[in-house]
Amino acid sequence: RAPHARERAMKIKCGQCGEVFADIARAKSHGATTGHDSFEAANDDDATATATAHATNATPVDVDAAPDAVKEDATTRDEASTLKEPSVREDLLQELTELMGFGRNKAVRALYYSKADSAERAIDWIERHEDDADVNEPLLVEDEGLKAREVKTVSKMTPEEAKAKADELRRNAAAKKAERLLEEKEMERLREQERIRSGKELLEAKKLEDELSLKRNAEQRAAEKAEMDRARAAIRVKIDEDRRERRRKLGLPEELSPEEMEEERQREEARAQAAQEEIARKAAAGVYVKPGSK
């Protein structure tokens with residue numbers, strides 16, 4: 001029973017060495033070990049030949065009496081035996097692979113998924129799925145007796161036209177890639193422009209804030225100076241009132257005579273001159289003195 005189970009499970013054939021495998025995982029392991037990358041569905045003759053080669057020195061095993069691991073392995077192989085490469089139009093497959101140069105796995109996927117009845121439809125599918133990660137992987141589907149369409153549509157393209165169509169497809173793919181690169185560069189340029197614009201706006205906002213701050217400071221200093229001037233004026237008024245009051249008590253006229261006014265002016269000039277000389281002396285000594293408001 002074991003050889004029979006192996007025979008039914010071996011459904012994937014290596015196109016380079018001819019070995020047949022029971023499932024995708026074993027075929028991929030074989031490809032990783034040997035570097036082989038061409039696989040296809042095995043027919044009954046391939047499976048029988050490989051099964052016979054393996055069974056020559058094999059010891060028959062009773063699956064029912066085998067350990068659980070053996071039973072599980074046999075069950076897995078039986079399930080894997082339901083997978084196979086889908087049936088597609090052989091004439092279209094040959095046209096895609098031999099005339100246009102596409103890989104078999106990619107061509108099978110294109111014909112199967114696009115349900116193509118012409119090479120043009122398959123090429124359209126390849127163009128849309130050229131960047132798919134598994135586009136070159138073997139395609140295995142549930143074995144439901146899939147058959148190619150009975151009605152065959154003869155391609156209208158000559159071999160030269162088919163080759164030209166494949167070249168056009170490759171050029172279109174390259175053009176789309178170049179277009180994507182240009183779009184990415186344009187997006188990067190726009191992002192850089194936005195970054196520069198944002199930087200300029202930030203600088204303008206900071207400049208405006210600095211100008212407003214200077215304006216507020218100037219207004220504050222002007223208000224402080226006006227308040228100081230009002231205070232000085234009030235002090236002068238108070239001094240004048242006190243002077244007049246003292247003169248009344250002394251029996252003198254409240255207002256100063258011209259001679260007294262001249263003496264008062266000279267005293268004020270002397271005090272101002274003394275203040276200027278003190279400022280000059282301190283400046284010569286390296287001491288900064290803030291000028292006072294008159």
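Note that the coordinates shown come from a computational prediction; the quantities given were computed from them, not determined experimentally. (Residues numbered from 1 in each chain as written. Predicted model: local features only at pLDDT ≥ 70, side-chain atom pairs only at ≥ 80, totals over all residues. Heavy atoms only, no water.)

**Thoughts on the overall build of the protein chain**
Here is step 1: Scanning the protein chain from N- to C-terminus turns up 9 helices and 5 strands.
Here is step 2: Secondary structure elements of the protein chain, listed N to C terminal, follow the sequence α-β-β-α-β-α-α-β-α-α-α-β-α-α.
Here is step 3: For the protein chain, buried positions account for 21% of its 294 residues.
Here is step 4: Considering only contacts within the protein chain whose residues lie at least 6 apart along the sequence, 60% involve residues at least 24 apart.
Here is step 5: When the accessible area of the protein chain is evaluated, it comes to approximately 21,000 Å², of which 53% is carbon and sulfur surface. (Helix = DSSP H or I, 4+ residues; strand = E, 2+ residues; numbered from the N terminus. Buried < 20%, exposed > 50% of the residue type's maximum accessible area, 1.4 Å probe, protein only. Contact = heavy atoms within 4.5 Å. Areas by Shrake-Rupley, 256 points an atom, 1.4 Å probe, with all protein chains shown as cover.)

**Quick look at helix 7 (residues 119-128)**
An α-helix turns once per 3.6 residues; consequently, residues spaced three or four apart project the same way.
Here is step 1: Inspection of helix 7 places Ala 119, Ala 122, Ile 123, Trp 125 and Ile 126 among the buried residues, and these make up the whole buried set. In a view along the axis of helix 7, the buried residues occupy a sector of 160 degrees, so they form one face of it. (Arc of directions from axis to C-beta.)

**Describing the pattern of salt bridges**
Here is step 1: Scanning the entire structure with this criterion turns up 25 salt bridges.
Here is step 2: With a shortest N-O distance of 3.8 Å, Arg 180 and Asp 131 are connected by a salt bridge. Here the residue Arg 180 occupies a position in helix 8 (residues 159-249), and Asp 131 occupies one in the loop between helix 7 and strand 5 (141-142), the gap between them amounting to 49 residues.
Here is step 3: Given a relative accessible area of 62%, Asp 131 falls into the exposed group.
Here is step 4: Note that Glu 269 and Arg 265 form a salt bridge whose closest N and O atoms lie 2.4 Å from each other. Placement of both Glu 269 and Arg 265 in helix 9 (residues 258-284) is noted, with a separation of 4 residues, approximately one turn of the helix. (Salt bridge = Lys/Arg side-chain N within 4 Å of Asp/Glu carboxyl O.)

**Some remarks on the confidence of the model for the protein chain**
Here is step 1: For the protein chain, mean pLDDT is 76; residues scoring 70 or higher make up 74% of the total.
Here is step 2: Taken element by element, the protein chain is modelled with least confidence in helix 1 (residues 2-9), mean pLDDT 39, and with most confidence in helix 6 (residues 104-114), mean pLDDT 90.
Here is step 3: A low-confidence stretch, residues 51-67 (pLDDT under 50), is modelled with 13 contacts involving residues beyond four sequence positions or located in other chains. (pLDDT = per-residue confidence, 0-100.)

**Re the packing of helix 6 against helix 7**
The axes of two packed helices give the description: the angle between them and the distance between them.
Here is step 1: One can describe the packing of helix 6 onto helix 7 by two numbers: an axis separation of 9 Å at closest approach and a directional angle of 105 degrees. Taken together, helix 6 and helix 7 sit at an angle that is classed as roughly perpendicular. Across the interface between the two elements, Lys 106, Arg 109, Ala 110, Leu 111, Tyr 113 and Ser 114 from helix 6 touch Arg 121, Ala 122, Trp 125 and Ile 126 from helix 7.
Here is step 2: A per-class count over the contact of helix 6 with helix 7 returns 6 nonpolar, 1 polar and 3 charged. (Axes fitted to C-alpha atoms, helices over the stretch in contact; angles between N-to-C directions. Parallel < 35°, antiparallel > 145°, perpendicular 65-115°, else oblique. Nonpolar A, V, L, I, M, F, W, Y, C, P; charged D, E, K, R; others polar.)

**Things to note about the side chain of Arg 243**
Here is step 1: Tracing the sequence through the fold places Arg 243 in helix 8.
Here is step 2: Arg 243 sits in the buried class, given a relative accessible area of 18%.
Here is step 3: When sequence neighbours within four positions are dropped, the list of residues in contact with Arg 243 reads Glu 254 and Leu 256.

**A look at the environment of Glu 120**
Here is step 1: In this fold, Glu 120 is placed in helix 7.
Here is step 2: On the basis of relative accessible area, Glu 120 is assigned to the partly exposed category, the value being 26%.

**What about the packing of helix 5 (residues 90-99) against helix 6?**
Here is step 1: Where helix 5 meets helix 6, the closest approach of the two axes is 9 Å, and the angle between their N-to-C directions is 140 degrees. Between helix 5 and helix 6, the angle is such that the two are oblique. Helix 5 and helix 6 meet at a crossing whose hand is right-handed. Within the contact between the two elements, helix 5 uses Leu 92, Leu 93, Leu 96 and Thr 97 and helix 6 uses Arg 104, Ala 107, Val 108 and Leu 111.
Here is step 2: Among the residues making up the contact of helix 5 with helix 6, the classes are represented as 6 nonpolar, 1 polar and 1 charged. (Left-handed = near helix turned anticlockwise from the far one by under 90°.)

**Here we look at the nonpolar core**
Here is step 1: Grouped together as the largest cluster of nonpolar side chains are 21 residues, with contacts concentrated most on Leu 96, Met 100, Phe 102 and Leu 111.
Here is step 2: Here the element with the most residues in this core is helix 7; it accounts for 5 residues.
Here is step 3: Not counting the four nearest positions on each side in its chain, Leu 111 is found in contact with Val 88, Arg 89, Leu 92, Leu 93, Leu 96, Ala 116 and Ala 122. (Core = buried A, V, L, I, M, F, W, Y, C linked by side-chain atoms within 4.5 Å.)

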